[in-house]
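Breakdown of the fold
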Amino acid sequence: MRDLDYLTLLSHEFPTARSCAAEMINLRAILSLPKGNEYFFSDIHGEYESFIHLIRSASGVIRAKIEDLFGNLMSESEQKRLADLIYYPTEMLTDMRHSGVITDGWYRDTIHQLIALCREVASKYTRSKVRKRLPEEYGYAIDELIHTDESEPDKKLYYMEIVNAVIGAEAADDFIVALSELIQSLLIDNLHIIGDIFDRGPRADYVMDELMGCRDVDIQWGNHDISWMGAAAGNRACIATVLRIATNYNSFDVLEDGYGINLRPLSMFADSVYKDDECDCFRPHLLDENKYDSVEPGLAARMCKAITVIELKIEGQLIKRHPEYEMDDRLMLDKIDYSTGNVIINGRNYQLKDSCFPTIDPADPYKLTEEENTLIETLRYSFLHSRRLQKHIRYLYSHGSIYRKCNNNLLFHGCIPMNEDGSFMVIKTEEGKRSGRSLMDYFQEKIIDAYFLDEYDEPERKQSAVDLMWYMWAGPVSPLFGKDRMATFEHIFIEDKELSVEHFNPYYEYSKQEQYCDKIFEEFEMDPDKSHIINGHVPVKVAKGEKPVKAGGKLYVIDGGLSKAYHSRTGIAGYTLIFNSHHLALAEHREFDRNGDNTPEMYVTETMKHRLLVRDTDKGEEIKKQIFDLEELLECYNIGLIKEKVAKT
């Protein structure tokens with residue numbers, strides 16, 4: 001028998017044996033429903049247009065449903081028009097109204113088609129669950145239409161009267177929007193984001209807004225997310241990193257218009273200090289046009305150089321303050337001969353491509369000038385006090401983690417750090433040695449401390465955690481970074497490309513082998529025969545013959561390059577992994593075209609041995625526990641151990 005205090009508390013929710021039995025019946029019925037659809041995305045990198053399209057189109061599944069239902073009744077162009085209406089109902093209705101397409105007959109036909117789609121996508125859910133997703137204003141009407149059998153003459157008349165009433169009340173547009181949003185909502189039951197929402201692309205803030213409007217979202221933090229999280233926690237190195245990448249990728253909109261970060265002090269400083277410097281090594285990647293904050297490329301380059309020098313200085317200070325990071329090889333500014341413009345790396349002399357450093361004191365190269373210190377503190381204030389940024393970062397914390405176990409899938413962005421021999425890397429911490437899962441848990445604790453610890457109550461612990469946020473971005477044992485070093489300096493300043501090569505952690509080779517995937521599953525207490533690892537972080541170069549499914553189907557790497565910066569290398573525009581009750585499937589994205597067909601190409605990678613039901617999922621295990629508790633409560637009622645609470649009449 002469970003703890004009587006707990007069962008007494010449960011009795012307040014189910015006060016009678018009858019209510020207890022009724023809930024048990026409901027829960028047992030739910031266990032027999034098909035498993036919901038899980039969608040996995042990775043490495044969105046601010047590409048909001050393509051991401052929002054993928055969410056609203058369910059990565060092509062809506063288009064496939066339309067073809068299944070109406071393929072023999074509608075032309076290809078009509079099917080596409082209906083799909084576009086579901087994806088963007090408000091915009092499409094406005095365009096169609098202006099072009100004179102909309103009539104009462106069009107409304108009837110369209111509502112009929114949308115109701116048919118709603119029936120199809122709602123069929124695997126309880127009526128109660130569907131009701132919860134209905135809009136309050138039209139919930140009754142939509143519920144009746146979905147569950148009305150039109151083959152019966154009386155019901156057909158009832159059905160048509162509801163539709164005619166909607167049109168007669170001039171509510172058809174709102175009704176169509178509500179139906180479209182319901183279809184979108186029902187097709188994605190759980191949404192998993194395997195890291196890197198931020199950087200490179202134009203508007204990560206729009207991506208965050210879209211995610212916050214979705215149900216059942218979880219996020220596994222990526223290295224680019226952690227740099228923004230560190231910046232929002234006040235880490236000056238992370239702030240400089242975020243600004244360097246943003247200025248280098250022409251992403252001024254997300255900073256100024258999106259988050260209200262005042263870049264004027266940086267532009268004024270850069271224009272003053274580097275006004276006679278071409279800054280050719282810092283020219284921005286013009287992947288997207290800024291819509292609001294147009295910055296002349298020369299000024300953007302000067303801003304990028306100014307913040308890069310500040311970044312290198314602050315990183316050097318961090319490395320010196322934390323010898324346990326073991327990152328002395330990243331201390332470059334003290335290896336430069338400022339009179340000749342040479343730098344010594346690995347015992348060899350290299351000529352710098354840019355040797356103009358007016359703010360660096362050769363005698364103390366990591367010291368910020370007074371102006372630089374004032375600038376970074378001003379920028380830090382902007383990050384700490386950006387309401388919208390802080391709102392988004394809190395969402396990353398409340399819905400995020402370093403890793404997640406879900407329905408026999410192990411989700412994490414980067415890697416489980418390994419040594420050359422395939423063993424798990426060990427680091428020494430104040431709490432003892434950590435490796436594998438315990439290392440991931442340790443970093444998770446510190447990431448939470450960095451944002452939520454009170455700096456007045458525990459200043460040293462808080463500062464240590466905030467500092468570690470930068471290590472999570474670039475440290476050699478960071479599971480989010482997964483490389484031996486961040487070669488920012490070499491990439492910018494050295495002509496020899498061999499020096500800027502960053503070597504991946506051995507995990508990336510070992511994880512391609514089933515035996516090492518099994519080793520990881522055992523570390524995380526998962527069944528090797530049923531489980532998968534789902535990663536992002538490393539773009540799959542499809543153009544060179546690479547495949548996203550590895551280790552005999554146990555490893556999925558779903559970073560196919562949603563960001564435009566990767567398209568030339570990958571040959572595609574990313575992946576969606578879809579896990580429904582029948583199979584695992586990959587949707588291979590096309591490069592987004594506002595006026596073209598963006599439907600991904602889908603192929604099944606693994607078929608389930610039997611159709612998966614709710615009872616086969618983690619949610620099913622929770623429901624089974626609830627049923628067990630209710631069985632014990634019912635027994636307590638039957639033997640009089642807990643008295644039923646009969647409502648007064």
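Described below are features of the structure shown in this document.

Brief notes about the sheet that holds strand β4 (residues 336–337)
- The strand order across the open sheet built from three strands is β4-β5-β6, with neighbouring strands paired in antiparallel fashion. At either end of the open sheet lies a strand with only one pairing partner, and these are β4 and β6 (348–351).
- Pairing of strand β5 (residues 342–345) with β6, which is carried by four bridges, proceeds in the antiparallel orientation. When the bridges of β6 are listed, I344 appears paired with N349.

Concerning the environment of S500
- Locating S500 in the fold gives a position in the loop between α22 (488–493) and α23 (507–510).
- Here S500 falls in the buried class, since its relative accessible area comes to 16%.
- Those residues in contact with S500 that sit more than four places away from it in its chain are R485, A487, E490 and H491.
- At 2.9 Å, the side chain of S500 forms a polar contact with the backbone oxygen of K497.

Focus: the sheet that holds strand β12 (residues 532–535)
- Overall, mixed pairing links the five strands, which are arranged β8-β9-β12-β14-β13 in an open sheet. Strand pairing shows two members of the sheet lacking a second neighbour, β8 (403–406) and β13 (549–550), which therefore form its edges.

Things to note about the pairing of strand β10 (residues 426–429)
- The alternating pattern of β10 places I427 and T429 on a buried face, while none of V426 and K428, on the opposite face, is buried.
- The hairpin formed by β10 and strand β11 (residues 432–435) contains two residues between the paired strands.

Here's the deal with the packing of aromatic side chains
- The full count for this structure, using the stated rule, is 24 aromatic pairs.
- Taking the centre distance of 5.0 Å and the plane angle of 80 degrees together, the rings of Y451 and F452 count as edge-to-face.
- Among the residues examined, Y451 registers a relative accessible area of 12% and is labelled buried.
- Judged by its relative accessible area of 42%, F452 falls in the partly exposed class.
- On the numbers, 4.9 Å between centres and 40 degrees between planes, the contact of F489 with F493 is tilted. Remark: F493 and F489 occur in helix α22; sequence separation between them is four residues, near one turn of the helix.
- Linked through ring pairs, F282, Y338, F357, F489 and F493 together constitute an aromatic cluster.

Rules used throughout
- Residues numbered from 1 in each chain as written.
- Predicted model: local features only at pLDDT ≥ 70, side-chain atom pairs only at ≥ 80, totals over all residues.
- Heavy atoms only, no water.
- Pairing = 2+ DSSP bridges.
- Helix = DSSP H or I, 4+ residues; strand = E, 2+ residues; numbered from the N terminus.
- Buried < 20%, exposed > 50% of the residue type's maximum accessible area, 1.4 Å probe, protein only.
- Contact = heavy atoms within 4.5 Å.
- Polar contact = N/O pair within 3.5 Å; in protein donor to acceptor, adjacent residues only side chain to side chain.
- Phe/Tyr/Trp six-rings, centres within 6.5 Å; stacked < 30°, edge-to-face > 60°.

Taken by themselves, the reported measurements are silent on function.
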